[in-house]
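What the coordinates show
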Amino acid sequence: MSLLVVTSNSRFTQQELPACKPILTPGWVITAFIFIGIIFIPIGLASLFASENVVEIADRYDEDCVPSIYASDMLAYIRSSQTNKSCTKSLTVPKKMKNPIYVYYQLDNFYQNHRRLWEEVEFSLLLVSVFPDMSKSRSDKQLRSKANEFETKDCSPEATFLVSNKEMPIVPCGLIAWSMFNDTYGFSLNDKAIQVNKKGIAWKSDREYKFGSDVYPKKFQSGVIGGAKLDENIPLSQQEDLIVWMRTAALPKFRKLYGKIEVDLEANEKITVVIQNNYNTYSFGGKKTLILSTTSWIGGKNDFLGIAYLTFGGLCLFMVISFIFLYVVRPRPLGDPSYLSWNRNPDGLFAQLRCRFLSDILCAMEEF
Amino acid sequence: MLERVSDMMERDLILVGATAVEDKLQQGVPQCIDKLAQAGLKIWVLTGDKMETAINIGFACSLLRQGMKQICINTANTDMLAQDPKKAAKENILMQITNASQMDDMKQQFLNLAVDCASVICCRVSPKQKALVTRLVKQGTGKITLAIGDGANDVGMIQEADIGVGISGVEGMQAVMASDFSIAQFRFLERLLVVHGHWCYKRIAQMICYFFYKNIAFGLTLFYFEAFAGFSGQSVYDDWYMLLFNVLLTSLPVISLGVFEQDVSSEICLQFPALYQQGQKNLFFDWYRIFGWMGNGLYSSLVIFFLTIIIFYDQAFRVGGQTADMAAVGTAMFTSIIWAVNCQIALTMSHFTWIQHLFIWGSIAMWYVFLLLYGMLSPKYSGNAFRILIEALAPSPIFWSATLLVTLACNLPYLAHISFQRCLHPMDHHVIQEIKYYKKDVEDRHMWTRERSKARQRTKIGFTARVDAKIRHLRGKLTKKHSTPTSPS
């Protein structure tokens, strides 16, 4: 079979390659839908079951954590360096949560994925109206190794600072880094502190390849009130909060991993949380929520996957029933020539007789 | 004076013999014309020969037959045109027009009469007039015209028609050089039109509709994302994904559809000329189909985008507690698009060679291979897609189950639609495919032959029409014979 030899008379050029020509018969249609229904429904049930087993505690605190005297001017509260940002809240565990329990902070209405930021930037002493690229306002090159320290051209305005009239780069530069989340949470149960493990919260590839172990923060958020602080003696590859923050979120409502609690929490226990409410979401109407969640094999709590599978599985089974009904009520014998278009409008009996007569003659002619 | 001399010389001559020159018709021309007439084409002949020659040719190739009413139009009786063309066209008529140059003022009347006739033969036509007649028919009737010729005098007509076919042969290559298609003999025209024309029409219609679908399904997801990114122009996919979408990942299956797709085999196309009517009636590229495919693309884009976003929403997507960032969501969404779009084309095709299988499933495999290799490049080149498949997505069951769900959710409505359509309103090629699949043509040869004889337009030209007329004549005589003995004496 010389398939690859393309001459003018091969099966390829004469379009006579061996082919399979599947036909959509009622048998195949019903089989396909039943098969899909039978696969989807168990998957849906398993996903729903796993999601129901996940225990999640959510607590919105950006409004609760502002003292009542500042209730009408939250912006002044968060901007001032004199106000006490510490806030205590109490959480009740609804069901037993097995370790590891993941602690997330959730931000709402925060467009980390915005390509340009058309707002006032509040992260420097000068309130400047700038139009920098937000999601592009970062320099991944700079983060990888010390040799690229001066690669700050994408980072403006948070790119460089002057040291004795010489431009030195800010590390890490750019708005994405400078908008880093800096609330902290301290957990305690019955006056005993619960340790939150902040190691291993970032992707391994980020820690090992994207954030260099020879890059140290320099002049990060200097002169900024209320901004995040990075220890200048720890290399970026170990600054996991920064690494987690630098991964651009997909939606304006997102969660990022803060840490892991490695003890079990029993049902009805009261956890006390001390929150340092530093991060300014008040100027753009954002929300802050603290989340504690366990995980299952599908991850966190999201019933949608299970419900979607069950819905489609159910729809498929409904289609099976309706097709069976259709094939019973209006059966069409397969290969029945009376469904050909020239047979569906017969000219009359004489025409049919004539045609049969003619076909007999044609048969006879063919035989010669 | 010369006459008188020749009169004196040519006396007492002995007749030795006679020679004649016959300009034969090519082999297979009558059968070809018959088949084309059965496929529903109207055939005109424009020739430079004189009227008697043209009439003989007409009889030789079965364009004319005994019993047809002839209308001759020449410069003398132009008042023929003024008659009501409907009345004149009641029976099978042929028209012969001599010296067409005088007809300029009466173009519309001539056309009205001519289109109602069974066949038209124009004689003594100059090359320019051939082109003018073709243009008249093209513009007056608005139908698609095809011109076929073999000499330099046919070049004007070939270029004027919508499709020009040149026959290469004894008259030289001028017609071939001016034409869209060139064939070696006239009889190949039958195969060109009825087989390849039919296939090409369907392939192009399916290809164009599928292209709209594919790009709408992909492009609209980018627009939906803008609502979640503050309308800032941020793309949810990596640049390389978007580059490769139309170049490598979804283009090869479409090429295999456009080159190899056959709804019925070539023998069936030749045996059932009525299938050619599907193209003439434009059943496969009407607005209903175009909007249907666009709607399918719109539906697919909505399903792909919203299902992926809501599945990967804000919670952790893996047992390790990590949440999905933009790169993960974008890659998962793109994977779903590749699967959905390629499975859709597999549902559309009806003829699967090894090439189609290789291209469709190979495109999907190529996507995963690309993602793997791209992720292995250093972050300097791959950016956020660094190791995204092996580290983040592949170990997460949600990634695979989301792909499965989205793919089937996109394709099941189309599957249901074609199943319903095949059951309630099967088209001719569906029924014929089923007959061949269940080998009913082998079991019941009589039925198969009968259907083949019925699968044609009622023609008035061609030798089957001649046979038809003969049968009518014979039956008429038979019934008359039988009725005479019973009549009262």
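Parameters at a glance
Residues numbered from 1 in each chain as written. Chains lettered and ligands numbered in written order. Predicted model: local features only at pLDDT ≥ 70, side-chain atom pairs only at ≥ 80, totals over all residues. Heavy atoms only, no water. UniProt positions renumbered as here; feature names shortened; annotations may be inferred. Helix = DSSP H or I, 4+ residues; strand = E, 2+ residues; numbered from the N terminus. Buried < 20%, exposed > 50% of the residue type's maximum accessible area, 1.4 Å probe, protein only. Contact = heavy atoms within 4.5 Å. Areas by Shrake-Rupley, 256 points an atom, 1.4 Å probe, with all protein chains shown as cover. Disulfide = S-S within 2.5 Å. Polar contact = N/O pair within 3.5 Å; in protein donor to acceptor, adjacent residues only side chain to side chain.

In the nomenclature of an unreviewed UniProt entry, chain B corresponds to Phospholipid-transporting ATPase from the organism Actinidia rufa. Taken verbatim from the UniProt record of chain B, the Sequence similarities (unreviewed entry) comment is "Belongs to the cation transport ATPase (P-type) (TC 3.A.3) family. Type IV subfamily." Here chain B is described in UniProt, under the heading Cofactor (unreviewed entry), as follows: "Mg(2+)".

Looking at an unreviewed UniProt entry, chain A carries the name ALA-interacting subunit, with the source organism given as Actinidia rufa. The record in UniProt for chain A states the following under Sequence similarities (unreviewed entry): "Belongs to the CDC50/LEM3 family." On record in UniProt, under Subcellular location (unreviewed entry), the comment for chain A is "Membrane".

This part covers the overall build of chain A. Looking only at helices and strands, one finds 9 helices and 13 strands in chain A. Per-residue burial over chain A gives 47% buried out of 368 residues. Long-range contacts, defined as pairs at least 24 residues apart, comprise 76% of the intrachain contacts of chain A with a sequence gap of at least 6. Accessible surface, chain A as shown: approximately 18600 Å² in total, 58% of it carbon and sulfur.

One pass over the structure, following the stated rule, counts 1 disulfide over all chains. Shown here is the disulfide that connects A:C65 with A:C87, its sulfur atoms set 1.9 Å apart. The disulfide joining A:C65 to A:C87 has a torsion of about -60 degrees about its S-S bond and is therefore left-handed. Pair noted here: A:C65 is in the loop between β1 (56-60) and α2 (74-79) and A:C87 is in strand β2 (residues 86-92), with a separation of 22 residues, a long-range link. With relative accessibility at 9%, the residue A:C87 sits in the buried group. Free of any disulfide, B:C343 has its nearest cysteine sulfur in B:C410, 9.8 Å distant. Residue classification places B:C343 among the buried residues on the basis of a relative accessible area of 16%. Free of any disulfide, B:C423 has its nearest cysteine sulfur in A:C316, 18 Å distant. Here B:C423 falls in the buried class, since its relative accessible area comes to 8%.

Glancing now at the UniProt feature "binding site: ATP" (unreviewed entry) in chain B. Residues and elements named next belong to chain B. UniProt annotation of "binding site: ATP" (unreviewed entry) refers to T47, G48, D49, R124, K130, N153 and D154 when read in the numbering used here. Separation in sequence by 108 residues is not matched in space for these annotated residues, since their most distant C-alpha atoms are only 13.3 Å apart. Checked against the element boundaries, D49 lands in the loop between β1 (44-46) and α3 (51-60). Setting aside anything within four residues of it in sequence, one finds D49 in contact with I57, C123 and R124. Mapping D154 onto the fold places it in the loop between β5 (146-149) and α7 (155-160). By relative accessible area, which is 7% here, D154 ends up buried. Beyond its immediate sequence surroundings of up to four residues, D154 is in contact with K130 and G149. Here D150 takes part through its backbone nitrogen, which lies 2.9 Å from a polar atom of the side chain of D154.

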